Amino acid sequence: MEYNTNLTKLIIPEYGRNVQKMVHSIINIEDREKRNHQAKSIIEVMGNLNPHLRDVPDFKHKLWDHLFIMSDFSLDVDSPYDRPSKESFEEPPEILKYSDNNIKFRHYGKILPLIIKRTIDLEEGEYKELLVFAIANHMKKCYLTWNKSAVEDEVILKHLSQISENKLEMKDTFKLSSFSDVKTQKNYKKQNNRGRNHGKRK
């Protein structure tokens, strides 16, 4: 009886040991035409094991790459795609660079300054005025959510002016919403803790 602990480690466990054995069994087939035929049959089996991936771009290409990987790159067959090299898979991935964006007002996020920058370039008119009003309202809501339970509209308008480098200004006829229903992060935690403590009481 064979025990998995005594068997060789599966290179790609998702396909199972039977597929791994099939791959190894065709490596030493001398007839190249027969070897190619068997390789294509194994590709079909691998595809049937992962039907949910059939709509993924380059699905077949990935299956052929996996076939070569499971053969430890020793399988010599005619692939419809460029044959991968062992070295290409051993190369370490590139180090991801962390964002070096210097966000002055973190509670507004890094998308808002980009929106403001695009808004500056718009033609003057009612659409731009309404957009500036919507941006200011959004800023106030963000401020209330993550900072204080109350904030003066003048503070929001000052921040809008700073972020836009004094190029955007909300019309005096507009009035920012109160957002009285917005829960601050601090108050939200307090309410959650009260609810948990209340549930523990008997």
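Residue positions are counted from 1 within each chain, in the order its sequence is given. Totals for whole chains, interfaces and linings use every residue, but because this is a predicted model, local features are given only for residues with pLDDT of at least 70 and side-chain atom pairs only at 80 or more, for both listing and counting. Hydrogens and water are ignored here; the side-chain numbers use all heavy atoms of the structure.

Here we take up the overall build of the protein chain. Within the protein chain one finds eight helices and zero strands. Numbering of helices and strands starts at the N terminus; helices are DSSP runs of H or I of at least 4 residues and strands are runs of E of at least 2. The secondary structure elements of the protein chain, listed N-terminal to C-terminal, are α-α-α-α-α-α-α-α. Between two residues, a contact is recorded if the distance between any of their heavy atoms is within 4.5 Å. If you take every contact in the protein chain between residues at least 6 apart in sequence, the share linking residues at least 24 apart comes to 52%. Carbon and sulfur atoms make up 50% of the accessible area of the protein chain, which totals about 15600 Å². The Shrake-Rupley method, run with a 1.4 Å probe, gives the accessible areas here. Residue values count only the displayed protein chains as cover.

Once that is clear, we can look at helix α6 (residues 126–146). In a helix, the anticipated span is given by 1.5 Å times the number of residues less one. If you check α6, its first and last C-alpha atoms are 31 Å apart, about what 21 residues at 1.5 Å a residue would give, namely 30 Å. Accessibility here uses a 1.4 Å probe with only protein chains present; expressed as a share of the type maximum, an area under 20% marks a residue as buried, one over 50% as exposed, and anything in between as partly exposed. For α6, the set of buried residues is Lys 128, Val 132, Phe 133, Ile 135, Ala 136, Asn 137, Met 139, Lys 140, Cys 142, Tyr 143 and Leu 144.

Once that is clear, we can look at the pattern of salt bridges. Salt bridges are defined by distance alone: a side-chain nitrogen of Lys or Arg within 4 Å of a carboxyl oxygen of Asp or Glu. Taken as a whole, this structure holds eight salt bridges when the rule is applied. Between Lys 60 and Glu 44 there is a salt bridge whose closest N-O contact spans 3.0 Å. Taken together, the residues Lys 60 in helix α3 (residues 59–70) and Glu 44 in helix α2 (residues 32–49) connect sequence positions 16 residues apart. On the basis of relative accessible area, Lys 60 is assigned to the partly exposed category, the value being 32%. Overall, the relative accessible area of 42% leaves Glu 44 in the partly exposed class.

So, on to the environment of Glu 124. Tracing the backbone through its elements, the reader meets Glu 124 in the loop between α5 (111–120) and α6. Between N or O atoms, a polar contact is any pair within 3.5 Å; within protein, one atom must be a potential hydrogen donor and the other a potential acceptor, and residues adjacent in sequence are included only when both atoms are from side chains. Within the structure, the side chain of Glu 124 is placed 2.9 Å from the side chain of Lys 128, a separation counted as a polar contact.

Before going further, it helps to examine the packing of aromatic side chains. Here a Phe, Tyr or Trp ring, Trp counted by its six-membered ring, pairs with any other such ring whose centre lies within 6.5 Å, and the pair is stacked when the planes are under 30 degrees apart, edge-to-face when over 60, and tilted otherwise. Under the definition given, this model contains four aromatic pairs. Ring pairs connect the aromatic residues Phe 105, Tyr 108 and Tyr 143, which therefore count as one cluster.

Attention now goes to the layout of surface pockets. Of the two site types, the cavity is a set of points on a 1 Å grid over the protein atoms alone where a 1.4 Å probe fits but cannot get out, and the pocket is an open set with protein on both sides within 12 Å along at least five of seven lines, each lined by residues with an atom within 4 Å of a point. Grid points are joined across faces, edges and corners, and a volume is the space filled by probe spheres set on the points. In this structure, the largest pocket spans a volume of roughly 240 Å³. For the largest pocket, the lining is made up of twelve residues, of which Asn 102, Ile 103, Lys 104, Gly 109 and Pro 113 are closest to its centre. Residues were grouped as follows: Ala, Val, Leu, Ile, Met, Phe, Trp, Tyr, Cys and Pro as nonpolar; Asp, Glu, Lys and Arg as charged; and all remaining residues, including Gly, as polar. Among the residues forming the lining of the largest pocket, the class breakdown is six nonpolar, four polar and two charged.

Here the focus is the side chain of Asp 65. Considering the arrangement of structural elements, one finds Asp 65 in helix α3. This count recognises Lys and Arg as positive and Asp and Glu as negative, with His and chain-terminal groups excluded. Look at Asp 65: it is buried, it has no salt bridge, and the nearest opposite charge is Lys 62 at 8.8 Å. Ignoring any residue separated from it by four or fewer positions in sequence, one finds Asp 65 in contact with Asp 82 and Pro 84.

Moving on to the nonpolar core. If you look at the biggest cluster of nonpolar residues, it comprises 20 residues, and the most contacted ones within it are Tyr 15, Val 19, Ile 42, Met 46, Trp 64, Leu 67 and Met 70. Take this core: its biggest share by element is seven residues, from α3. Sequence-distant contacts of Tyr 15, that is, excluding residues within four places in its chain, are made with Met 46, Leu 49, Asn 50, Leu 63, His 66 and Met 70. Residues grouped as a nonpolar core are buried Ala, Val, Leu, Ile, Met, Phe, Trp, Tyr and Cys residues, joined through side-chain atoms within 4.5 Å. The next biggest cluster of nonpolar side chains, apart from the first, holds 19 residues, and it includes Val 132, Ala 136, Ile 156 and Leu 168.

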